[in-house]
Amino acid sequence: MRKKHEKRTCPARNNCRAVLLEARLKSLEAALVKERRDEGKYLGTCTTMCPEVELVMRESHNLLHDYEIEKGSPYGTKCCLSRPMVGCVVKEYSRAAANKEREVPSQLRTPGSLLATMRYLCLKVLGEHGLNEMSYNYFGDRCRAVRQDIRLQQLSCAQSAACLEIGVNFHAMAGVMLANHKGFDMHLNTVQLKDSLLSLANNSHVQNDETLFQHIAVAKALLFMPDLSEMRHITFVKGKISKKLEWCVQVLQAYHTDNYVRFFKLTKSCNNILLLCILSFHAGRMREKALQIICAAYSTKVAKMKLGDMQNILCLENEKATGEVVKHFDLQVEESEDRSHVLLRPGTFNRNENRPVPHFLLAGLNLEEDFSLNVLDTVIKLA
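Given the structure is predicted, the values throughout are model-derived calculations rather than measurements.

Cut-offs used in this document
- Residues numbered from 1 in each chain as written.
- Predicted model: local features only at pLDDT ≥ 70, side-chain atom pairs only at ≥ 80, totals over all residues.
- Heavy atoms only, no water.
- Helix = DSSP H or I, 4+ residues; strand = E, 2+ residues; numbered from the N terminus.
- Buried < 20%, exposed > 50% of the residue type's maximum accessible area, 1.4 Å probe, protein only.
- Contact = heavy atoms within 4.5 Å.
- Salt bridge = Lys/Arg side-chain N within 4 Å of Asp/Glu carboxyl O.
- Phe/Tyr/Trp six-rings, centres within 6.5 Å; stacked < 30°, edge-to-face > 60°.
- Lys NZ or Arg CZ within 6 Å of the ring centre and 35° of its normal.
- Core = buried A, V, L, I, M, F, W, Y, C linked by side-chain atoms within 4.5 Å.

**Description of the overall build of the chain**
Within the chain, the secondary structure is distributed over 15 helices and three strands. Relative to its 383 residues, the chain shows a buried fraction of 47%. When contacts within the chain are restricted to residue pairs at least 6 apart in sequence, those whose partners lie at least 24 apart make up 71%.

**Let's talk about the pattern of salt bridges**
Evaluated as defined, the whole model comprises twelve salt bridges. A salt bridge links D141 to R142, with the nearest nitrogen and oxygen atoms 2.8 Å apart. By relative accessible area, D141 is classed as partly exposed at 24%. Among the charged side chains, a network of salt bridges with common partners joins E54, R58, E68, D141 and R142.

**A closer look at the packing of aromatic side chains**
For the structure shown, the criterion picks out seven aromatic pairs. The interplanar angle of 10 degrees and the centroid separation of 5.3 Å between the aromatic rings of F329 and F349 together place this pair among those described as stacked. Linking F329 in the loop between α14 (319-328) and β2 (332-334) with F349 in the loop between β3 (341-343) and α15 (367-382), this pair joins segments that are 20 residues apart in sequence. Here F329 and F349 have matching classes, each one buried. Linked through ring pairs, Y136, F139, F170 and F184 together constitute an aromatic cluster. Residue placement shows K220 over the ring face of F224; its charged tip is 5.8 Å from the ring centre. Residue placement shows R285 over the ring face of Y255; its charged tip is 4.6 Å from the ring centre.

**Quick word on unusual backbone geometry**
The phi torsion at N62 lies on the positive side, around 55 degrees, for a residue other than glycine. Secondary-structure assignment places N62 in the loop between α2 (52-60) and α3 (111-129). N62 sits in the partly exposed class, given a relative accessible area of 26%. A positive phi angle, near 55 degrees, is found at C315, a position not held by glycine. The residue C315 is located in the loop between α13 (307-314) and α14 in this model. Judged by relative accessible area, C315 falls into the buried class, the value being 3%.

**Here's the deal with the nonpolar core**
Within the largest apolar cluster, 89 residues are counted, with the highest numbers of intra-cluster contacts made by F139, L222, W247, F263 and L291. When residues of this core are assigned to their parent elements, the largest contribution, 14 residues, is made by helix α12 (residues 273-298). Once you skip the residues sitting within four places of it in the chain, L291 turns out to touch M310, L314, V325, V326, F329, L331 and F349.

Here it is in structure tokens:
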């Protein structure tokens, strides 16, 4: 029995289209071989979001993403090729290999097309589909391809800095919003965030802007907070010592001295969503240390603390989240009609190293709204 989408296409027409695509792909590959022999300046000349040779190859092999397929077009099969939407195919990331030919200028996008790509990803992909696992994987892969083009061309212009800044904001906020999703890889997202942030910090356009450079330096220091050398690096940032730099040094000192009260107090005083998202990556470790210190200091057979007070100490959004964090470390919660208490019994605290620390959002942070506003505002300002 034939599938529904196979009835809407003619096999002969599809075969003819496949032959034409294959012939076009061979001619484009021959042109690439000739272009690799020519020596010249290593700057991109592609003005579209996806080079033609990749577009033809992916169309002929049915490798188009769902976001790139024309509406009403059937999914690709051997006898039925999907049609791409005009101007909606984005270059995908390709891992470098020893036997792979180097990229040529026609395969590398210009700074203007790179920024147009990031604008399209934000306004169309995230704007229409929201942030979910599918849109995250698509955005992350295409954003990684943008960074690859920037790195190969060694771009340090304002447009390349804008692309990297959007990527940093995306990975930072995705790490918070998708932290509790089963299919989300937190480690991989953090690696991509670090790569984007380091590339942005090394951009000469950013280094020439004192205010922006200090902001990126603070974000970098907070992201690499467990590294003690960041304490030394942040004190030697060029320019005047701003309040943001002083705040960052205080956060680093509180983190490395296990001063959880000061750490969360400084966190509440921050009004920058990017820095808040990066701080939330370390909140789990500080909450663990806070519970460990409290249990060691106050643990007796009758010691207990109100769940609401524990919520304020751990800087959590509600008592339900506080109860789940406390139970994760094998501490008991005593339920009552008027209020609940955390029982601080001797020897009950257990780190449970085999289980990850549950990740909860910082108190008072509405990321569902702030995420879209922050990314869209960034694109509009940098476009």
